[in-house]
Amino acid sequence: MMLPNLVIAPSPKGGRGVFTTKNIAANTVLEISPVIVLTVQERKDIEKTKLFHYIFEWGKTRKLGCMALGYVSMYNHDYASNCEYEMDFEARLMTIKTVKAVKKGEELCINYNADPNDKTLVWFHK
């Protein structure tokens, strides 16, 4: 499931990002996408490639990895994100939802720390 008003476009943050073509209210589910779960070894192998920037830690121990389908891997990071993600390990799904209202044309961002307000530096800012 994905809202039809989401688009991929060049991002001022660099590369591409996910944007909305309509205003979106807070607490709106934007996307529910399946993931491909990676073993510990597969994750290590992928971390040596360009895909490293598009995978998520997975599982209760966070030792596994996953490649999310849909647009999930295209959301850029922001320490004051307007979206959050939830992981359903059993169903192998990730859900993206807004945590505040988002205006038409605005980029939709998640905090890579898994908490929209967590200011801990992420790996590419260390």
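Note that the structure is predicted; figures quoted are calculated from it, not measured.

### Topic: the overall build of the protein chain
Move 1: Within the protein chain, the regular secondary structure consists of one helix and nine strands.
Move 2: Reading the protein chain from its N end, one meets helices and strands in the order β-β-β-α-β-β-β-β-β-β.
Move 3: In terms of overall size, the protein chain behaves like a compact globule, its C-alpha atoms giving a radius of gyration of 14 Å where 126 residues would be expected to give roughly 14 Å.
Move 4: For the protein chain, the C-alpha atoms occupy an extent of roughly 40 × 35 × 25 Å along the three principal directions.
Move 5: Evaluated residue by residue, the protein chain yields a buried proportion of 37% over its 126 residues.
Move 6: Residue pairs at least 24 apart in sequence account for 67% of intrachain contacts in the protein chain once pairs closer than 6 positions are excluded.
Move 7: Carbon and sulfur atoms provide 56% of the accessible area of the protein chain, an area that totals close to 7,400 Å².

### Brief notes about the sheet that holds strand β1 (residues 6–10)
Move 1: Reading across from one edge, β1-β2-β9-β6 is the order of the four strands in this open sheet, with mixed pairing throughout. In this open sheet, the two strands that pair with only one neighbour each are β1 and β6 (76–77).
Move 2: Pairing of strand β2 (residues 16–20) with strand β9 (residues 107–110), which is carried by two bridges, proceeds in the antiparallel orientation. Across the sheet, Phe19 pairs through a bridge with Glu107, a residue of β9.

### Quick word on a nonpolar patch on the surface
Move 1: Among the surface-exposed residues, Met1, Val29 and Ile32 lie close enough to one another that they form a single nonpolar patch of about 230 Å² accessible area.
Move 2: Mapped onto the elements of the fold, Ile32 is located in strand β3 (residues 29–38).
Move 3: Under the relative-accessibility criterion, Ile32 is labelled partly exposed at 33%.

### Digging into the environment of Phe19
Move 1: For Phe19, the position within the fold is in strand β2.
Move 2: Residues Phe19 and Lys100 lie 81 residues apart in sequence; the distance between their C-alpha atoms is 15 Å.
Move 3: Beyond its immediate sequence surroundings of up to four residues, Phe19 is in contact with Asn5, Leu6, Val7, Ala9, Pro10, Ser11, Pro12, Gly105, Glu106, Glu107 and Leu108.

The rules we used
- Residues numbered from 1 in each chain as written.
- Predicted model: local features only at pLDDT ≥ 70, side-chain atom pairs only at ≥ 80, totals over all residues.
- Heavy atoms only, no water.
- Helix = DSSP H or I, 4+ residues; strand = E, 2+ residues; numbered from the N terminus.
- Rg over C-alpha atoms; globule rule 2.2 N^0.38 Å.
- Buried < 20%, exposed > 50% of the residue type's maximum accessible area, 1.4 Å probe, protein only.
- Contact = heavy atoms within 4.5 Å.
- Areas by Shrake-Rupley, 256 points an atom, 1.4 Å probe, with all protein chains shown as cover.
- Pairing = 2+ DSSP bridges.
- Patch = residues over 30% accessible without salt bridge, like charges linked within 9 Å, V, L, I, M, F, W, Y side chains within 5 Å.
- Salt bridge = Lys/Arg side-chain N within 4 Å of Asp/Glu carboxyl O.

These figures come from the coordinates and say nothing about function on their own.
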